[in-house]
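# Survey of secondary and tertiary structure
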Amino acid sequence: MESYFDIDIWGLVAAVVMVLVAAAISALMKTGVAKSLIWATARSLVQLLAMGFILEYVIRQNNVWLVIGLIALMLLAAVQITMGRATGAPKGLVGIVLLSLVVTMLLMLAIVAELIVRPKPWYAPQLVIPLTGMLLGNTVSALALGLSRFFESMRERYAEVNTMLALGATKWEAAKPSMISSIRLGLLPSIAMLASSGIVTIPGMMSGQIIAGKSPVSAAKYQFVILAAVAALTLVADSIIIALIYKRCFISYDRYFVPEPAKKLSFKDLVQLHKSVHPGEKPEDAKRAAAKEQHAQMR
């Protein structure tokens, strides 16, 4: 069953022509997405071919440091994409997102590659790198969705959170409904994919292995492992991120304040905030408190 159907240059040309026809129809209908569609297609072709050449080189070299370096680059790109898609999230979260992805990715790779598949050598690039790409590709969208939902929910619950704090609730108790909502929303796509796989859809990895001539049963086992790992990775990474950032919605004296999207408070803003909360406070005391708060934000 080792048959494989290669795509020649004319196959690629035909695929590009399909997109150009779709873009032409879009232009005639004045939908405004024709240029974006053509640009995205060209970018996708270049990026995929470049990655193909890079993977071919790394697999041929079979060097552990090349594998680690490529995974590190993929992680950095995943963080950048996550923060770019997370609408409403403030600045200063890059380190937290990177830490969460590194910890969870190492955990998932250790479980999937070393305990389930057990390749030889353990860093087999033809397995580890595509596995990393699939895990990150599916997780990035979920993390961005979860981050967006958390800060959106905290802004929507302004009055509720202030009431809970006034009644003696802790920061954790006040933020918990938004945290649960964020994690649940981020996990929904993974749950839907797990539920529909094999009935509604044949996912990408399974389809790819079947096209490459592998046994459909073997491909199904690989696909299930990937889907289970994506669901676990999404839940763990999102939980870690939310648990580390929820306190950013509260200022030092347990009053509720959700940061503005992608904008940090200036020193002047902090002084004004302290004056509004403590109207009887001396100007110099307000400035000292604002400087302390600004220093905490920078950390």
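If you look the chain up in an unreviewed UniProt entry, it shows as ABC transporter permease from Bifidobacterium choerinum. Among the UniProt annotations of the chain, the heading Sequence similarities (unreviewed entry) holds the following wording: "Belongs to the UPF0014 family."

### Quick notes on the overall build of the chain
Counting secondary structure elements, the chain contains 11 helices and 0 strands. Mapped in sequence order, the helices and strands of the chain form the string α-α-α-α-α-α-α-α-α-α-α. Of all intrachain contacts in the chain linking residues separated by at least 6 positions in sequence, the fraction that spans at least 24 positions is 69%. Accessible area for the chain stands at about 17800 Å²; split by element, carbon and sulfur atoms hold 68% of it.

### Here we look at the pattern of salt bridges
What the rule picks out here adds up to 3 salt bridges. Residue glutamate 160 is joined to arginine 157 by a salt bridge in which the shortest nitrogen-to-oxygen separation is 3.1 Å. Its relative accessible area of 39% is what places glutamate 160 among the partly exposed residues. Classification of arginine 157 as buried rests on a relative accessible area of 9%. Shared partners join several salt bridges into a network, and the residues in it are Arg149, Glu152 and Glu156.

### Focus on the side chain of aspartate 238
Summarising the element assignment, aspartate 238 is placed in helix α9 (residues 216–245). Contacts of aspartate 238, omitting those with residues within four sequence positions, involve Leu143, Gly146, Ser182, Ile183 and Gly186.

### Things to note about the UniProt feature "transmembrane region" (unreviewed entry) in the chain
Taking the UniProt record as the reference, the feature "transmembrane region" (unreviewed entry) is found at residues 12–29, 36–58, 64–81, 93–117, 123–147, 185–212 and 224–246. Taken as a whole, residues 93–117 contains 96% helix and 0% strand, while its terminal C-alpha atoms sit 34 Å from one another. As annotated, residues 123–147 comprises 92% helix and 0% strand, and the C-alpha atoms at either end are separated by 32 Å.

### Remarks on unusual backbone geometry
Residues lysine 120 and proline 121 are joined by a peptide bond in cis, for which omega reads -5°. The phi dihedral of lysine 30 is positive, around 55°, even though this residue is not glycine. Its location among the elements puts lysine 30 in the loop between α1 (9–29) and α2 (34–61). Unusually for a residue other than glycine, arginine 118 sits at a positive phi of about 55°.

### Examining the confidence of the model for the chain
Considering every residue of the chain, the mean pLDDT works out to 80; 83% of them sit at 70 or more. For the chain, the element scoring lowest by mean pLDDT is helix α10 (residues 267–277), at 52; α1 scores highest, at 90. Here residues 295–299 scores under 50 on pLDDT; set against residues more than four positions off or in separate chains, the count is 3 contacts.

### Notes on α2
Its 28 residues give α2 an end-to-end C-alpha distance of 41 Å, which sits within 8% of 40 Å, the value for a rise of 1.5 Å per residue. Along α2, the positions that sit buried rather than exposed are Ala34, Leu55 and Val58. Those residues of α2 that are buried lie in contact with α1, α3 (64–85) and α5 (125–156). Trailing α2 by a residue or two, asparagine 62 shows a phi angle of about 55°, which is positive.

### Let's talk about the environment of lysine 176
Looking at the secondary structure, you find lysine 176 in helix α7 (residues 171–196). For lysine 176, a relative accessible area of 42% gives the class partly exposed. Taking the C-alpha atoms as reference, lysine 176 lies 10.0 Å from phenylalanine 150; in sequence the two are 26 residues apart.

### Focus: the side chain of threonine 132
With respect to the helices and strands, the residue threonine 132 is situated in helix α5. In contact with threonine 132, other than residues within four places in its own chain, are Ile71, Met74, Met105 and Leu109.

### Examining the nonpolar core
Counting 54 residues, the largest nonpolar core has Leu93, Leu147, Phe150, Ile245 and Phe250 as the members making the most contacts within it. Counting only elements with at least two residues in this core, the list comes to α2, α3, α4 (94–117), α5, α6 (158–166), α7 and α9. Looking at this core element by element, the count peaks at 13 residues for α5. If we skip the residues at most four places from it in the chain, phenylalanine 150 touches Ala175, Ser178, Met179, Ser182, Ile242, Ile245, Tyr246 and Cys249.

### A word on the packing of α5 against α7
Closest axis-to-axis distance for the α5/α7 pair is 8 Å, and the angle between their directions is 155°. If you check the angle between α5 and α7, you find them roughly antiparallel. For the crossing formed where α5 meets α7, the hand is right-handed. In this structure, α5 contributes Ala142, Leu145, Gly146, Leu147, Arg149, Phe150, Ser153 and Met154 to the contact, and α7 contributes Ala175, Ser178, Met179, Ser181, Ser182, Leu185 and Gly186. Partitioned by chemical class, the residues of the contact of α5 with α7 number 8 nonpolar, 6 polar and 1 charged.

Cut-offs used in this document
Residues numbered from 1 in each chain as written. Predicted model: local features only at pLDDT ≥ 70, side-chain atom pairs only at ≥ 80, totals over all residues. Heavy atoms only, no water. UniProt positions renumbered as here; feature names shortened; annotations may be inferred. Helix = DSSP H or I, 4+ residues; strand = E, 2+ residues; numbered from the N terminus. Contact = heavy atoms within 4.5 Å. Areas by Shrake-Rupley, 256 points an atom, 1.4 Å probe, with all protein chains shown as cover. Salt bridge = Lys/Arg side-chain N within 4 Å of Asp/Glu carboxyl O. Buried < 20%, exposed > 50% of the residue type's maximum accessible area, 1.4 Å probe, protein only. pLDDT = per-residue confidence, 0-100. Expected span 1.5 Å × (residues − 1). Core = buried A, V, L, I, M, F, W, Y, C linked by side-chain atoms within 4.5 Å. Axes fitted to C-alpha atoms, helices over the stretch in contact; angles between N-to-C directions. Parallel < 35°, antiparallel > 145°, perpendicular 65-115°, else oblique. Left-handed = near helix turned anticlockwise from the far one by under 90°. Nonpolar A, V, L, I, M, F, W, Y, C, P; charged D, E, K, R; others polar.

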